[in-house]
Amino acid sequence: TDPKVHYTTMVQTRAMMVNTSAGRLAQAATIAVRYSAVRKQGFVDTKQGESYLTLEHKILDHQIQQYRVLKQLATAYALKFTALWMVNQQSTIETGQVGEIANTSLLKELAASSAALKSLTTQITLSGAEDLRKCCGGNGYLLNSGIGALTCDYLWQITAEGEMIVLALYTGRHLVTSLTS
């Protein structure tokens, strides 16, 4: 086997982590959007003498809720397309046979890209899932909502396969080397 296979395994793992980040943010966004479409808060008509039984707004009707929730939903889509690009790039260096590499010319570039994207997408996902959890108000910390557990279970991804600062430094070094050579 080519010794660079070990290197490509790390790149492939990071590519899959980019893909996982998109999926986790999409799950959190789905929970928050559904909650926001059902939960009501704030009376539609606030005239004096109106009963507390009058209609209320869905919290998704509030602009700030729309901004927060839909921003994370859009980000999940962006991460998904980024993950697809990363997986496609990974496939350009593989032959399809275990232990064989077809093209090593892009390996350094792909390693730097996977390092940067892994660190960035996991951080974006964790921050986004936490914001979405907060968008669910008091229900966001309840186990039955699913979003609190999802956020906590995802936390380890930030440091797995390389911590954000270390990966950023690695990518920065690659960029500087590429520009000066």
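Quick summary incoming for the structure in this document.

The rules behind these values
- Residues numbered from 1 in each chain as written.
- Predicted model: local features only at pLDDT ≥ 70, side-chain atom pairs only at ≥ 80, totals over all residues.
- Heavy atoms only, no water.
- Core = buried A, V, L, I, M, F, W, Y, C linked by side-chain atoms within 4.5 Å.
- Buried < 20%, exposed > 50% of the residue type's maximum accessible area, 1.4 Å probe, protein only.
- Helix = DSSP H or I, 4+ residues; strand = E, 2+ residues; numbered from the N terminus.
- Contact = heavy atoms within 4.5 Å.
- Arc of directions from axis to C-beta.

1. Section: the nonpolar core
L25, A28, A32, V69, L132, C136 and I147 are the most contacted members of the largest nonpolar core, which has 16 residues in total. Looking at this core, the elements that each hand over two or more residues are helix 1 (4–38), helix 2 (63–93), helix 3 (107–135) and helix 4 (147–154). Among the elements that line this core, the one with the most residues is helix 1, at 6 residues. The contact partners of I147, leaving out residues within four places of it in the chain, are A28, I31, A129, L132, R133, C136 and G140.

2. Regarding helix 4
Taken together, the buried positions of helix 4 are occupied by I147, G148, L150, T151 and Y154. An end-on view of helix 4 places all buried positions within 165° of arc, on one side of the element. Among the exposed residues of helix 4, those pointing more than 90 degrees away from its buried face are C152 and D153.

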